[in-house]
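# An overview of the molecular structure
For reference, the chains in residue letters:
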Amino acid sequence: DAKTTQPNSMESNEEEPVHLPCNHSTISGTDYIHWYRQLPSQGPEYVIHGLTSNVNNRMASLAIAEDRKSSTLILHRATLRDAAVYYCILRDVGYGNKLVFGAGTILRVKS
Amino acid sequence: DVKVTQSSRYLVKRTGEKVFLECVQDMDHENMFWYRQDPGLGLRLIYFSYDVKMKEKGDIPEGYSVSREKKERFSLILESASTNQTSMYLCASSLNFPAGRQFFGPGTRLTVL
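The sections below set out a description of the structure shown in this document. Note that this is a predicted model, so its numbers are computed, not measured.

It is worth spelling out the sheet that holds strand β3 (residues 19-25) of chain B at this point. Sheet strands pair by backbone hydrogen bonding; their relative direction is either parallel or antiparallel. All names here are of chain B. On the basis of which strands lie adjacent, the open sheet formed by four strands has the order β1-β3-β8-β7 and antiparallel pairing. Strands with a single pairing partner mark the edges of an open sheet, and in this sheet they are β1 (4-6) and β7 (64-70). Adjacent strand axes in the sheet meet at a mean angle of 20 degrees, parallel and antiparallel pairs treated alike. Here three bridges tie β1 to β3, and the two strands are oriented antiparallel to one another. Note on β3: the bridge partner recorded for Val4 is Gln25.

If you want it as structure tokens, here you go:
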């Protein structure tokens, strides 16, 4: 499985944008980039995914580098409820539906 | 909304007991998964199933088995619980397409004494 690298932790102020980076230099052409997050005492939840183009949904935006070797999850206005562990995961569509979770980034949001 | 439910939030068992963790999803998903989550080790896949009566080993299947007799239900079995199986167990389900987005249950915190 191709690996991802994320910072261990990041801190943000409430109401400000947050950019969570992810490096995946060994990504293959069939790997989708997925982001999940895990709030305290809960199971992970899906945030967003993409293949080549930037993506937006009601939760976040995903910016994918042109060479696809890195991506950035953007929370446009962080709230206290966004404090969580954020996981960047590569999923190969040719390899079933397995997700391999790394350590993720702990996001702290200050009021 | 998709709902994935797990039979217990907290469970305490003794070493050597047979333990059943149950997971039910209500959205007719083909795929179901069992993970365990431990501090410093993240989420690790134990087993998954892509159809009724079908199963595949994940990364850490030793000491576990699974059963999927009905599409909506996926059971994780600890044949003889040991203290190193004390962990948070998370169940998930997904469709194959379009994104294989996984929906997770709330988790079961299992303590083996």
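A few words now on the side chain of Gln85 of chain B. Here Gln85 of chain B shows up in the loop between β8 (73-78) and β9 (87-94). If near-sequence neighbours (up to four positions away) are discounted, Gln85 of chain B is found in contact with Arg36, Gly63, Tyr64, Leu78, Ser80, Leu110 and Val112 of chain B.

The next thing to look at is the environment of Ser70 of chain A. Residue and element names in this part refer to chain A. Among the secondary structure elements, Ser70 is positioned in strand β7 (residues 70-75). You can call Ser70 partly exposed: its relative accessible area is 24%. Taking C-alpha positions, Ser70 is 5.6 Å from Cys22, a pair spaced 48 residues apart along the chain. In contact with Ser70, other than residues within four places in its own chain, are Cys22, Asn23, His24, Ile64 and Ala65.

Bringing the interface of chain B and chain A into the picture now. Interfaces are often described in size by the accessible area the parts lose on coming together. With 21 residues of chain B at the contact, the number on the chain A side is 14 residues. For the pair chain B and chain A, the two sides together bury roughly 1400 Å², of which 53% comes from carbon and sulfur. Where chain B packs against chain A, one counts zero salt bridges. The interface formed by chain B and chain A holds four residue pairs in polar contact (both at pLDDT 80 or more) in total. Elements supplying a minimum of two residues to the side of chain B that touches chain A: β4 (31-38), β5 (42-51) and β9 of chain B. If one sorts the elements of the side of chain B that touches chain A by residue count, β4 of chain B sits on top with four residues. Split by residue class, the side of chain B that touches chain A holds 11 nonpolar, seven polar and three charged.

This part covers the state of the cysteines. Residue and element names in this part refer to chain A. By the definition in use, this model includes two disulfides over all chains. Put simply, Cys22 and Cys88 are joined by a disulfide, and their sulfur atoms are 2.1 Å apart. With the S-S dihedral at roughly -85 degrees, the linkage between Cys22 and Cys88 falls on the left-handed side. Pair noted here: Cys22 is in strand β2 (residues 18-23) and Cys88 is in strand β8 (residues 84-92), with a separation of 66 residues, a long-range link.

Let's shift gears to the environment of Lys98 of chain A. As for its position among the elements, Lys98 of chain A is in the loop between β9 (94-97) and β10 (105-110). Counting along the chain gives 76 residues from Lys98 of chain A to Cys22 of chain A, while the straight-line C-alpha distance between them is 19 Å. Look past the residues within four positions of Lys98 of chain A in its chain and what remains in contact with it is Arg91 of chain A together with Phe33, Leu45, Phe48, Asp59 and Gln102 of chain B.

Turning to the packing of aromatic side chains, a few remarks are in order. Residue and element names in this part refer to chain B. Applying the stated criterion to the full structure yields 10 aromatic pairs over all chains. Between Phe33 and Phe48 the ring centres are 6.0 Å apart and the planes differ by 20 degrees, which places this aromatic pair in the stacked class. On the criterion of sequence distance, the pair formed by Phe33 in strand β4 and Phe48 in strand β5 is long-range, its members being 15 residues apart. Residue Phe33 is classed as buried on the basis of its relative accessible area of 0%.

Thresholds applied
- Residues numbered from 1 in each chain as written.
- Chains lettered and ligands numbered in written order.
- Predicted model: local features only at pLDDT ≥ 70, side-chain atom pairs only at ≥ 80, totals over all residues.
- Heavy atoms only, no water.
- Pairing = 2+ DSSP bridges.
- Helix = DSSP H or I, 4+ residues; strand = E, 2+ residues; numbered from the N terminus.
- Axes fitted to C-alpha atoms, helices over the stretch in contact; angles between N-to-C directions.
- Contact = heavy atoms within 4.5 Å.
- Buried < 20%, exposed > 50% of the residue type's maximum accessible area, 1.4 Å probe, protein only.
- Buried area = accessible area lost by both parts, 1.4 Å probe.
- Salt bridge = Lys/Arg side-chain N within 4 Å of Asp/Glu carboxyl O.
- Polar contact = N/O pair within 3.5 Å; in protein donor to acceptor, adjacent residues only side chain to side chain.
- Nonpolar A, V, L, I, M, F, W, Y, C, P; charged D, E, K, R; others polar.
- Disulfide = S-S within 2.5 Å.
- Phe/Tyr/Trp six-rings, centres within 6.5 Å; stacked < 30°, edge-to-face > 60°.

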